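# Topology and contacts: notes
Chain by chain, the residues:
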Amino acid sequence: MSRRFEVWAPDGLGEVRPGDDLAVVVGDLLDGDMSCGDLNDGDLHDGDVLAEGDVVVVTSKIVSKAEGRVLAAADREQAITDETVRVVATRERPDGPPLRIVENRLGLVMAAAGVDASNTPDGTVLLLPVDPDASAARLRDALRARFGIDRLGVVVTDTAGRAWRDALVDIAIGAAGVAVVDDLRGGVDAHGRPLHVTVTAVVDEIAAASELVRGKAAGRPVAVVRGLGEHVPSGWTPDGGGARTLVRASESDLFREGTTEAYTRGYADAAGGRPPAP
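Per an unreviewed UniProt entry, the protein chain goes by Coenzyme F420-0:L-glutamate ligase and derives from Xylanimonas protaetiae.

As structure tokens, then:
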């Protein structure tokens, strides 16, 4: 049998401000989604605002705004420093301050520690949520109660670059109610060969799929994913793990430094502390 899922992103969300109840804002948006029941015959989006097994995806930006993680833009460089726990790489730029790739307080390796100046009012920048998994869990609990459903997932996303690849993609930095990974180890492939290392990052794939309908500049920071209910278990609890479990442990991270930084440090160690030749 064929497999399919559906993703849609409603229009109409206004500016989220510090102190807003995000569950009310998102719930009202979904309640007012006029596209419900107006799709082609056979679509999964059948008129229900939310259904069992759905996943609600929200950008970290609206979570940060509601939680008051807003700073004056003039403080951005200091904010990057404050959010940094480890510098991975630094590159000078002729048209601005150095580009810093760092590990932030959430364990995420990102440019500028995830401090963002896009999709926020002029003169401000946004820090990432303090605990995106907890933010996802609170939003899930409130939406479950409002819409009277049991199996509901929530994913909080942010945009990140990737090693070895150009361009950007949305990833999950927070998750609740949804299986973070699909662990296929111990099974077999279509030819009967055993699978030893295949663990799929389900929440990252959901995040990336949702961004295709949300868009970066379209004013649609919320999406609903329907048709992946096998990844949304009943009875999920916060101790079941969130997106933080996807952060690679340091002992298995083969790329903890940028190439130039690793070369410089290695040369200095081998040369008794002398810096490398230009």
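Turning our eyes to something else, we now look at helix 3 (residues 76–83). Within the span of helix 3, buried status applies to Ala79, Ile80 and Glu83. Burial along helix 3 is one-sided: seen end-on, the buried residues are contained in an arc of 105 degrees. Where helix 3 is buried, its residues touch strand 3 (70–72), strand 4 (84–93) and strand 5 (96–104).

Looking at the secondary structure, you find Asp54 in strand 2 (residues 54–59). Polar contacts involving the side chain of Asp54 include one to the main-chain amide nitrogen of Ala51, which spans 2.7 Å. A polar atom in the side chain of Asp54 sits 2.7 Å from the side chain of Arg226.

Throughout the structure, instances matching the rule amount to 22 salt bridges. Put simply, Asp150 and Arg144 hold a salt bridge, and the shortest N to O gap is 3.1 Å. With a shortest N-O distance of 2.7 Å, Arg214 and Asp170 are connected by a salt bridge. Placement of the pair is Arg214 in helix 5 (residues 202–214) and Asp170 in strand 9 (residues 165–176), with a sequence separation of 44 residues. Both residues of the pair, Arg214 and Asp170, count as buried. The network of salt bridges with shared partners includes Asp170, Glu211, Arg214 and Lys216.

As a further point, take the sheet that holds strand 5. With antiparallel pairing, the three strands of this open sheet are ordered in space as 4-5-6. In this open sheet, the two edge strands, each paired with only one partner strand, are strand 4 and strand 6 (109–111). On average, each strand axis in the sheet is tilted by 20 degrees relative to the strand beside it, whichever way the strands run. Sheet analysis places strand 4 next to strand 5, joined by seven bridges and oriented antiparallel. From the neighbouring strand, Arg93 faces strand 5, where its bridge partner is Gly96. Relative to the sheet, helix 3 contacts strand 4 and strand 5, its axis offset from that of strand 5 by approximately 25 degrees.

Looking at the protein chain, the pLDDT average stands at 90 and 93% of residues meet or exceed 70. Across the protein chain, the element-wise mean pLDDT spans from 85 in helix 6 (residues 259–270) up to 98 in strand 2. Ignoring residues within four places in sequence, the model shows residues 37–44, a span with pLDDT below 50, making 13 contacts including any to other chains.

Going through the model one piece at a time under the given rule, you end up with two aromatic pairs. Aromatic pair Trp164 and Phe255: ring centres 5.1 Å apart, planes at 85 degrees, arrangement edge-to-face. Placement of the pair is Trp164 in the loop between strand 8 (152–162) and strand 9 and Phe255 in the loop between strand 12 (222–226) and helix 6, with a sequence separation of 91 residues. On the basis of relative accessibility, which here comes to 47%, the residue Phe255 falls in the partly exposed class. Relative to Tyr267, the ring of Tyr263 lies with its centre 6.1 Å away and its plane at 45 degrees, an arrangement referred to as tilted.

Cut-off values and rules
- Residues numbered from 1 in each chain as written.
- Predicted model: local features only at pLDDT ≥ 70, side-chain atom pairs only at ≥ 80, totals over all residues.
- Heavy atoms only, no water.
- Buried < 20%, exposed > 50% of the residue type's maximum accessible area, 1.4 Å probe, protein only.
- Helix = DSSP H or I, 4+ residues; strand = E, 2+ residues; numbered from the N terminus.
- Arc of directions from axis to C-beta.
- Contact = heavy atoms within 4.5 Å.
- Polar contact = N/O pair within 3.5 Å; in protein donor to acceptor, adjacent residues only side chain to side chain.
- Salt bridge = Lys/Arg side-chain N within 4 Å of Asp/Glu carboxyl O.
- Pairing = 2+ DSSP bridges.
- Axes fitted to C-alpha atoms, helices over the stretch in contact; angles between N-to-C directions.
- pLDDT = per-residue confidence, 0-100.
- Phe/Tyr/Trp six-rings, centres within 6.5 Å; stacked < 30°, edge-to-face > 60°.

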